[in-house]
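# Fold and geometry: a report
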Amino acid sequence: MPLDWAVVQQRYGNGDIIPTVAGGKTLEITGADDDYVYIRTPLWRDGLAREHLQKAVELIEQGKITRHAGLFVEEYRAEVADVRATSAAHILKHLGFLE
């Protein structure tokens, strides 16, 4: 199932706090628009590009990237983008694409 960006915007458009992959900690999402999911930590703020998240989901669905959240990060960096891969894993797990 491809990533439905309308669902992403609906879910995160007003912000959210989601659990991290390892559990025990959280990731703050400050919003989502047509192009990015915006995230914030105490040390930095950034955006995860829609095109990167959609490509990651396509590769997961094709079996070219693992569904295992712990292994996903390195594959995301190599196959999609070397930008906030751990945060991408948290979001894709929260959306149900990763185990």
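Everything discussed here concerns the structure shown above.
Each residue is numbered by its place in its chain's sequence as written, counting from 1. Predicted model: local features are reported for residues with pLDDT of at least 70 only, side-chain atom pairs are reported and counted for 80 or more only, and whole-chain, interface and lining totals are derived from all residues. Think of the side-chain values as coming from all heavy atoms in the structure, minus any hydrogens and water.

## Re the packing of aromatic side chains
Pairing of aromatic side chains requires ring centres within 6.5 Å, counting the rings of Phe and Tyr and the six-membered ring of Trp. Pairs whose planes differ by under 30 degrees are stacked, by over 60 edge-to-face, and all others tilted. Within this structure, the stated rule accounts for two aromatic pairs. Arranged with centres 5.8 Å apart and planes meeting at 35°, the rings of Tyr-36 and Tyr-38 form a pair that is tilted. A centroid spacing of 5.4 Å and a plane angle of 40° characterise the contact between Phe-72 and Tyr-76, whose relative ring orientation is tilted. Pair noted here: Phe-72 and Tyr-76 are both in helix H3 (residues 69-79), with a separation of four residues, about one helical turn. Throughout, exposure labels follow a simple rule: accessible area from a 1.4 Å probe, protein chains only, divided by the maximum for the residue type, with under 20% read as buried, over 50% as exposed, and the rest as partly exposed. Relative accessible area serves as the criterion here: at 1%, Tyr-76 is assigned to the buried category. Charges are assigned to positions over rings by a cutoff of 6 Å between ring centre and Lys NZ or Arg CZ, combined with an angular limit of 35 degrees from the ring normal. When the ring centre of Trp-44 is taken as reference, the NZ or CZ atom of Arg-84 above it lies at 3.6 Å. Here a strand is any run of E in DSSP of at least two residues, a helix any run of H or I of at least four, and the numbering for each starts at the N terminus.

## Points about helix H1 (residues 5-12)
Within the sequence span of H1, burial applies to Trp-5, Val-8 and Tyr-12. End-on, the buried residues of H1 take up no more than an arc of 55°, which puts them together on one face. We call two residues contacting when some pair of their heavy atoms lies within 4.5 Å. Residues of H1 that are buried in the fold lie against strand S1 (16-19), strand S2 (26-32), strand S3 (36-40), helix H2 (50-61) and helix H4 (85-94). Of all possible arcs, the one meant is that of the directions from the helix axis to the C-beta atoms.

## Concerning the sheet that holds S2
Pairing between strands requires that DSSP locate at least two bridges from one strand to the other. Taking strand neighbours across the sheet as the criterion, the four strands line up as S1-S2-S3-S4 in an open arrangement whose pairing is antiparallel. Edge positions in the sheet fall to S1 and strand S4 (45-49), since each has one partner strand and no second. Within this sheet the neighbouring strands show an average axis-to-axis angle of 35°, counted without direction. Where S1 meets S2, four bridges bridge the pair, whose relative direction is antiparallel. Across the sheet, Ile-18 pairs through a bridge with Leu-27, a residue of S2. Those strands touched by H1 are S1, S2 and S3, and its axis lies near 110° from that of S2. Fitted lines through C-alpha atoms give the axes, limited to the stretch in contact for helices. The angle between two N-to-C directions lies from 0 to 180 degrees. Running at roughly 95° to S1, H4 makes contact with S1, S2, S3 and S4 of the sheet.

## Let's talk about the nonpolar core
Core analysis: the largest hydrophobic core is formed by 31 residues, its most contacted members being Leu-53, Phe-72, Tyr-76, Ile-91 and Leu-92. Sorting the residues of this core by element identifies H1, S2, S3, H2, H3 and H4 as the ones contributing at least two each. Excluding residues that lie within four positions of it along the chain, Ile-91 makes contacts with Tyr-12, Ile-18, Leu-27, Ile-29, Val-37, Ile-39 and Leu-48. Joining through side-chain atoms within 4.5 Å is the link that ties buried Ala, Val, Leu, Ile, Met, Phe, Trp, Tyr and Cys residues into a set, and such a set is a nonpolar core.

## Let's talk about the side chain of Ser-87
For Ser-87, the position within the fold is in helix H4. Not counting residues up to four positions away in its chain, the partners in contact with Ser-87 are Leu-27, Ile-39, Trp-44 and Leu-48.

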